[in-house]
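Overview (structure and organization)
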Amino acid sequence: MKRTTICSLIGATLITLGSQGTMAFEQSRSVTCIAPSGPGGGWDFTCRSVGRLMAELGLVRGSMQTTNMTGAGGGVAFAHVISKRAEDNALIVAASTATTTRLAQGQFAGMDHDMVQWVGALGADYGVIAVAKDSPYQNLNELMAALQQDPSAVKFAGGSAAGGWDHLKVLMAAKEAEVEGLSRITYLAFAGGAEAITQVVGGHIGAFTGDISEAMGFIESGDLRVLAVLSEERLPAPLDRFPTAREQNIDTVSPNWRGFYVPAGVSEEAYQWWNGSLDKIYASDEWKTIMEQNGLVPFHKSGPAFTDYVRDQVAEIQAISKEVGLIK
């Protein structure tokens with residue numbers, strides 16, 4: 001009788017644990033987010049914002065640690081995950097269109113997008129071209145007119161590596177503005193958007209190319225002036241005061257999704273837990289407020305749908321990069 005009762009209790013307990021697999025995973029692990037940039041950049045913003053909400057919404061115990069890992073436009077972090085943490089269930093990595101750009105151009109030597117699992121995207125961040133408050137350029141057309149006269153007349157700073165998404169934004173806009181000699185446009189890569197903006201605000205470099213979320217603090221302080229947002233139409237208030245490139249007859253649009261990948265070898269339980277957690281964050285009022293405050297627009301894909309989107313985007317960016325002469 002006692003043996004039967006004990007066995008029944010054990011069986012019931014195992015069934016309960018099996019049905020609450022996500023809870024067991026959640027309570028047994030601390031989690032880490034790698035931001036493949038320095039503090040203050042877009043990936044750092046993504047990790048820290050999501051990490052804070054993971055704790056506030058009770059999705060993890062304590063807090064999610066953010067680890068900054070700079071290098072090669074995200075390539076150092078990508079290689080680290082593949083080679084050293086391929087089965088780490090408690091690890092997530094911030095990614096964006098900048099990541100898929102580098103993958104599309106073959107910049108992560110020997111690596112491709114299928115070597116990790118793509119979890120989800122939590123919004124899109126549109127590109128901006130901006131200058132210091134005392135810059136002589138008052139709008140995008142004036143800046144492009146300078147490049148038409150001399151493609152090396154203005155130096156650009158961004159948080160992605162040379163040839164990356166921030167660099168590509170300028171080349172796409174210049175191509176639309178009929179600037180000749182695109183390869184002569186000077187682009188300087190920094191560890192993150194904040195560092196790039198600091199160089200522009202300090203008067204060392206002529207213009208910033210990046211995402212609006214990276215620039216908001218400098219814009220609000222009055223140190224940085226936005227010449228154009230690279231969106232289909234003006235962003236929602238209070239960001240609707242910034243003109244688009246399209247309004248200035250330069251038809252360039254560059255959405256930069258903000259999302260995550262995990263190591264290829266994570267368990268199915270962990271992968272589903274990460275998917276579900278990001279879905280809950282995206283649906284929360286707290287995340288909607290963060291998006292509004294930082295210039296993000298609604299954009300959400302997760303699981304297989306996001307994986308398909310990444311695959312398609314890699315193919316599209318390869319085609320664009322060939323068109324502007326970045327790759328052969």
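Counting from 1, residues in each chain are numbered in the order their sequence is written. It should be noted that, the model being predicted, local features are given only for residues of pLDDT at least 70 and side-chain atom pairs only at 80 or more, the latter also being counted only at that level, while totals for whole chains, interfaces and linings use all residues. To get the side-chain values, all heavy atoms of the structure are used, and hydrogens and water are removed first.

Right, let's talk about helix 10 (residues 268-283) for a bit. In DSSP terms, a helix is any run of H or I states spanning at least four residues, a strand is any run of E spanning at least two, and both are numbered starting from the N terminus. For a helix, the expected span equals 1.5 Å multiplied by the number of residues minus one. Across its 16 residues, helix 10 extends 23 Å between first and last C-alpha, which sits within 8% of the 22 Å expected from 1.5 Å per residue. Only protein chains enter the area calculation, which uses a 1.4 Å probe; residues under 20% of their type maximum are buried, those over 50% are exposed, and those in between are partly exposed. Of all the residues in helix 10, the buried ones are Ala270, Tyr271, Trp273, Trp274, Asn275, Ser277, Leu278, Ile281 and Tyr282.

Here we take up the state of the cysteines. Here, two cysteine sulfur atoms that lie within 2.5 Å of each other are counted as a disulfide. Applying the stated criterion across every chain, the model contains one disulfide. Paired through a disulfide, Cys33 and Cys47 show a sulfur-sulfur distance of 2.0 Å. Across the disulfide from Cys33 to Cys47, rotation about the S-S bond amounts to roughly -65 degrees, and the bridge is consequently left-handed. Of the two residues, Cys33 is situated in strand 1 (residues 32-35) and Cys47 in helix 3 (residues 42-56); the sequence distance between them amounts to 14 residues. Taken as a pair, Cys33 and Cys47 share a single burial class, namely buried.

Two numbers describe a pair of aromatic rings. These are the distance of the centres and the angle of the planes. Ring pairs are drawn from Phe, Tyr and Trp, using the six-membered ring of Trp, whenever the two centres fall within 6.5 Å, and their geometry is named by plane angle: stacked under 30 degrees, edge-to-face over 60, tilted for the rest. This structure, assessed with the given rule, holds eight aromatic pairs. Through a chain of ring-to-ring contacts, three or more aromatic side chains come together here, namely Phe78, Phe108, Trp118, Trp257, Tyr261 and Phe306.

A word on the environment of Gly158. Along the chain, Gly158 turns up in strand 5 (residues 155-158). Taking the C-alpha atoms as reference points, Gly158 and Thr100, 58 residues apart in sequence, are found 16 Å from one another. In this view, Gly158 contacts Asp166, Tyr187, Leu188, Ala189, Phe190, Ala196 and Thr209; residues no more than four positions away in its chain are not counted. Any pair of residues with heavy atoms lying within 4.5 Å of one another is described as a contacting pair.

Our focus in this paragraph is the confidence of the model for the protein. pLDDT gives the predictor's per-residue confidence on a scale running from 0 to 100. Confidence in the prediction of the protein, expressed as mean pLDDT, is 89, and 91% of residues score 70 or more. When the criterion is pLDDT under 50, residues 1-21 qualifies, and its contacts beyond four places in sequence or with other chains add up to one contact.

Residue placement: Thr101 occurs in helix 5 (residues 97-104). By relative accessible area, which is 0% here, Thr101 ends up buried. Ignoring any residue separated from it by four or fewer positions in sequence, one finds Thr101 in contact with Gly163, Gly164, Trp165, Leu168 and Ile317.

A few words on the nonpolar core. As used here, the term nonpolar core means buried Ala, Val, Leu, Ile, Met, Phe, Trp, Tyr and Cys residues forming a set that is joined through side-chain atoms within 4.5 Å. Formed by 106 residues in total, the largest nonpolar core has its most connected members in Met144, Phe156 and Trp287. In terms of residues, this core owes the most to one element, strand 4 (residues 116-132), which gives twelve residues. Ignoring anything within four residues of it in the chain, the contact list for Trp287 reads Ser49, Val50, Leu53, Leu122, Ile281, Tyr282 and Leu296.

Attention now moves to the side chain of Thr32. Within the element layout of this structure, Thr32 appears in strand 1. For Thr32, a relative accessible area of 13% translates into the label buried. Other than its neighbours up to four places away in sequence, Thr32 contacts Met64, Gln65, Thr67, Ala90, Leu91 and Ile92.

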